[in-house]
Amino acid sequence: MKITAYSCRPDELALFKHFGEKYGVSLVLVPEGPSMENADMAEGSQGVSIITTPVNEPLLRRWKECGVQIVSSRTVGYEHVDGDAAERLGIALANVSYTPNTVAEYTVMAMLMAVRRMKAIMTRFLGQDYSLLDIRGRELGRMTVGVVGTGRIGETVVRLLKGFGCRILAYDIHPREELAGLAEYVELEEIWKECDLITFHTPATEKSFHMVNRETLSQMKDGVVLINMARGTVMDTDALIEALEQGKVGAAALDVVENEGRIYYKDFKYQPLGHHDMAILSAMPNVLMTPHTAFFTDEAVSDMINYSILSCIAQVKGEENPWRVR
Ligand code: COI
């Protein structure tokens with residue numbers, strides 16, 4: 001069995017070698033993201049492993065001609081692949097379900113950094129400004145926290161937060177019984193109205209698109225803290241910037257931002273970015289931005305590669321594939 005893996009970073013190579021040998025799979029490792037120019041690298045491969053590069057119908061059709069039976073995105077989100085086209089072409093589409101603790105722990109770190117004004121403290125420290133002006137924080141444990149989306153990551157966030165003693169309100173279209181006693185499921189309107197801090201763990205869907213907008217922001221508490229470790233499209237960035245400028249939103253931690261695709265995971269040192277929203281947001285002392293790195297731990301990267309290969313093997317052998325989404 002042969003798998004072509006695209007967007008292979010140097011830090012992934014040893015893991016691909018390890019799992020490739022473990023499962024007896026031959027691997028073609030391509031550093032670049034997939035495109036029509038390098039689609040032929042999948043010639044003779046039954047599986048293709050990708051990360052976040054958009055994959056459209058022409059590319060899928062070319063892969064089909066190469067003999068590809070499954071496209072496995074070694075990510076949780078898979079909105080970058082045209083799933084309808086994959087279905088039409090008879091190519092299976094799969095994601096992976098790496099350890100949820102990675103993003104959940106990062107989320108709690110971001111919450112603490114936001115409520116303790118860590119960006120301002122650290123940048124002022126670098127300038128030898130040790131005064132206490134405007135850096136007084138709040139205790140997370142005294143806050144009412146809203147968790148929007150209680151899949152594996154949201155659920156883990158709830159469990160971690162319980163240790164701080166927060167009151168937790170949760171929203172999901174599929175409430176989890178396991179969270180009874182840890183969080184109270186409520187309607188979204190109640191989350192907006194009641195919570196001091198709201199964290200988002202929803203996939204990029206039509207329903208989650210611009211869930212944070214002028215209307216929902218107006219229902220939130222003054223000074224609300226917003227955490228987005230999910231997808232940039234969850235927030236209407238213009239509305240968020242306006243709300244931060246007006247003080248309606250007191251602080252934000254954003255591991256994702258709209259239109260990040262052409263920027264994140266690349267080095268733009270000494271170059272103009274041309275992403276005006278990012279320029280505004282990243283200049284704000286109360287907005288912590290990171291380049292979609294919440295997933296990036298030894299444990300998660302190992303799971304991503306392991307499960308992507310296992311998913312391709314299961315699919316090609318005609319076995320039950322737990323990661324198949326289309
Ligand atoms: C995901 O797994 O969906 C992520 O957000 C991380 C990925 C962009 C590498």
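Conventions and cut-offs
- Residues numbered from 1 in each chain as written.
- Predicted model: local features only at pLDDT ≥ 70, side-chain atom pairs only at ≥ 80, totals over all residues.
- Heavy atoms only, no water.
- Helix = DSSP H or I, 4+ residues; strand = E, 2+ residues; numbered from the N terminus.
- Buried < 20%, exposed > 50% of the residue type's maximum accessible area, 1.4 Å probe, protein only.
- Contact = heavy atoms within 4.5 Å.
- Areas by Shrake-Rupley, 256 points an atom, 1.4 Å probe, with all protein chains shown as cover.
- Lys, Arg positive; Asp, Glu negative; His and termini not counted.
- Charge placed at Lys NZ, Arg CZ, Asp CG, Glu CD.
- Expected span 1.5 Å × (residues − 1).
- Domains from an automatic or database assignment.
- Buried area = accessible area lost by both parts, 1.4 Å probe.
- Pairing = 2+ DSSP bridges.
- Right-handed = clockwise from strand over helix to strand, strands pointing away.
- Near = heavy atom within 4 Å.
- Polar contact = N/O pair within 3.5 Å; in protein donor to acceptor, adjacent residues only side chain to side chain.
- Nonpolar A, V, L, I, M, F, W, Y, C, P; charged D, E, K, R; others polar.
- Axes fitted to C-alpha atoms, helices over the stretch in contact; angles between N-to-C directions.
- Salt bridge = Lys/Arg side-chain N within 4 Å of Asp/Glu carboxyl O.

Participant: How would you explain the overall build of the chain if you had to name every residue and give the values?
Facilitator: Helix and strand content of the chain: eleven helices and twelve strands. A principal-axis box enclosing the C-alpha atoms of the chain has dimensions of 60 × 50 × 35 Å. For the chain, the residues scored as buried account for 50% of the 326 residues in total. Once local pairs closer than 6 in sequence are excluded, the contacts in the chain between residues at least 24 apart make up 66%. For the chain, the exposed area adds up to about 15800 Å²; of that, 54% sits on carbon and sulfur atoms. Side chains of the chain give 33 positive and 44 negative charges; the mean places of these two sets differ by 3 Å.

Participant: Before we move on, could you go through helix H4 (residues 101-115) and cite the residues and values that matter?
Facilitator: With 15 residues, H4 extends 21 Å between its outermost C-alpha atoms, agreeing within 8% with the 21 Å of an ideal straight helix rising 1.5 Å per residue. Among the residues of H4, Thr102, Val103, Ala104, Tyr106, Thr107, Val108, Ala110, Met111, Ala114 and Val115 are the ones counted as buried. Among the residues trailing H4, Arg117 stands out with phi positive, at a value near 55°.

Participant: Tell me about the domain arrangement of the chain, and name the residues and values.
Facilitator: Domain boundaries in the chain define domain 1 (2-98 + 297-317) and domain 2 (101-289). One C-alpha centre belongs to domain 1, the other to domain 2, and the line joining them spans 31 Å. Domain 1 puts seven residues into the contact, and the matching count from domain 2 is six residues. Carbon and sulfur atoms make up 52% of the surface buried where domain 1 meets domain 2, a total of about 550 Å² over both sides.

Participant: With reference to specific residues and values, describe the pairing of strand S9 (residues 197-200).
Facilitator: Residues of S9 alternate between two faces, with Leu197 and Thr199 on one and Ile198 and Phe200 on the opposite face, all of them buried. Judged from the four bridges that link them, S9 and strand S10 (residues 224-228) form a sheet pairing that is parallel. Residue pairing for S10: Leu197 is matched across the bridge by Val225. Handedness of the crossover is the feature at issue here: the chain leaves S9, passes through helix H8 (residues 214-219), returns alongside S10, and the resulting connection is right-handed.

Participant: With reference to specific residues and values, describe the site of the ligand.
Facilitator: Neighbouring residues of the ligand: Thr52, Thr75, Val76, Gly77, Tyr98, Arg231, Tyr265, His292, Phe295 and Met304. His292 has a polar side-chain atom sitting 2.7 Å from an oxygen atom of the ligand. When isolated, the ligand has an accessible area of 280 Å², and the protein chains bury 95% of it. Across the shell around the ligand, the residue classes tally to five nonpolar, four polar and one charged.

Participant: Explain the sheet that holds strand S2 (residues 26-29) to me, using residue names and the numbers behind them.
Facilitator: As a general point, the strands of a sheet are linked pairwise by backbone hydrogen bonds and lie either parallel or antiparallel. The strand order S2-S1-S3-S4-S5 describes an open sheet built from five strands, whose pairing is parallel. The strands lining the two open edges of the sheet, one partner per strand, are S2 and strand S5 (92-94). Across the sheet, the mean angle from the axis of one strand to that of its neighbour is 20°, orientation sign disregarded.

Participant: So, the pattern of salt bridges: which residues are in play, and what are the values?
Facilitator: In total, this model carries 22 salt bridges according to the counting rule given. Between Arg326 and Glu87 there is a salt bridge, with the nearest N and O atoms lying 2.7 Å from each other. With Arg326 in the segment after helix H11 (298-317) and Glu87 in helix H3 (residues 83-89), this pair connects stretches of sequence that are 239 residues apart. Residue Asp196 is joined to Lys221 by a salt bridge in which the shortest nitrogen-to-oxygen separation is 3.0 Å. Highlighted residues: Asp196 in the loop between helix H7 (188-194) and S9 and Lys221 in the loop between H8 and S10, separated in sequence by 25 residues. Shared partners join several salt bridges into a network, and the residues in it are Arg9, Asp11, Glu12 and Arg74.

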